[in-house]
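Structural description and commentary
Take a look at the letters that make up each chain.
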Amino acid sequence: MEKNILGLPMTITETNEWKDIEAREAVIGPDNLLNEILDKKLFSNVEIMWILRRMVYFYGKKDSLLKMAPPERLLINMNDILRAFYILFDLQSPEMDANIRSYISARLTDATWGISTRTREYLNKIN
């Protein structure tokens with residue numbers, strides 16, 4: 001793995017490929033770039049990261065059109081993402097510093113709402 005000037009492993013967003021995809025996005029627009037990537041059969045790591053960033057944007061801003069999507073479809077989306085990450089983590093078992101591990105742990109804790117025993121008990125009470 002390449003190292004940055006501090007001797008730390010480079011992230012995908014520090015690579016030339018990432019800079020290239022960002023430049024392409026600026027030229028053709030994010031919607032056209034997404035369509036271009038989705039037309040491919042296999043995505044590069046940079047393209048996967050770009051798609052994930054785009055998804056974070058739409059889900060994070062609570063997009064009005066996504067709010068009209070059937071909840072079942074959104075759960076299928078989440079399941080597909082989780083399957084992809086499961087495979088990546090299983091294959092790579094990446095080394096992470098404590099800050100990144102803490103962030104991921106906090107996000108996963110939040111994402112288990114409705115799955116953990118205490119939140120399921122809450123959901124049963126409101127039904």
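All of these numbers come straight from a predicted model, not from anything done at the bench.

1. Observations regarding the packing of aromatic side chains
Using the criterion set out here, one finds two aromatic pairs in the structure. Note on Y57 and F58: the rings are 5.2 Å apart at their centroids and 80° apart in plane angle, and the pair reads as edge-to-face. Note on Y57: relative accessible area 43%, which makes it partly exposed. Residue classification places F58 among the partly exposed positions, given a relative accessible area of 25%.

2. Focus on helix α6 (residues 98-111)
Structurally, the α-helix is built with 3.6 residues per turn, so residues lying three or four positions apart point the same way. End to end, α6 covers 20 Å across 14 residues, agreeing with the expected 20 Å (1.5 Å per residue, within 8%). N-capping of α6 is provided by D97, with a side-chain oxygen placed 3.1 Å from the backbone N of N99.

3. Comments concerning the packing of helix α2 (residues 30-38) against helix α3 (residues 45-60)
Running from amino to carboxyl end, α2 crosses α3 at an angle of 135°, the nearest separation of the two axes being 11 Å. Put simply, α2 runs oblique to α3. The chirality of how α2 crosses α3 is left-handed. Residue-level contacts link P30, D31, L33, L34, I37 and L38 of α2 to E47, W50, I51 and R54 of α3. Taken together, the residues of the contact of α2 with α3 sort by class into seven nonpolar, no polar and three charged.

4. Focus on the nonpolar core
With seven residues, the main nonpolar core is built from W18, I21, L33, I37, V46, W50 and I51. A total of three residues in this core trace back to one element, the largest contributor, which is α3. Those residues in contact with V46, other than ones at most four positions away along the chain, are I12, T15, E17, W18 and I21.

5. What to know about a nonpolar patch on the surface
A cluster of nonpolar side chains, L38, F43 and I48, forms an exposed patch at the surface whose accessible area comes to about 230 Å². Here F43 lies in the loop between α2 and α3. On the accessibility criterion, F43 (32% relative accessible area) is partly exposed.

Calculation criteria
- Residues numbered from 1 in each chain as written.
- Predicted model: local features only at pLDDT ≥ 70, side-chain atom pairs only at ≥ 80, totals over all residues.
- Heavy atoms only, no water.
- Phe/Tyr/Trp six-rings, centres within 6.5 Å; stacked < 30°, edge-to-face > 60°.
- Buried < 20%, exposed > 50% of the residue type's maximum accessible area, 1.4 Å probe, protein only.
- Helix = DSSP H or I, 4+ residues; strand = E, 2+ residues; numbered from the N terminus.
- Expected span 1.5 Å × (residues − 1).
- Polar contact = N/O pair within 3.5 Å; in protein donor to acceptor, adjacent residues only side chain to side chain.
- Axes fitted to C-alpha atoms, helices over the stretch in contact; angles between N-to-C directions.
- Parallel < 35°, antiparallel > 145°, perpendicular 65-115°, else oblique.
- Left-handed = near helix turned anticlockwise from the far one by under 90°.
- Contact = heavy atoms within 4.5 Å.
- Nonpolar A, V, L, I, M, F, W, Y, C, P; charged D, E, K, R; others polar.
- Core = buried A, V, L, I, M, F, W, Y, C linked by side-chain atoms within 4.5 Å.
- Patch = residues over 30% accessible without salt bridge, like charges linked within 9 Å, V, L, I, M, F, W, Y side chains within 5 Å.
- Areas by Shrake-Rupley, 256 points an atom, 1.4 Å probe, with all protein chains shown as cover.
- Salt bridge = Lys/Arg side-chain N within 4 Å of Asp/Glu carboxyl O.

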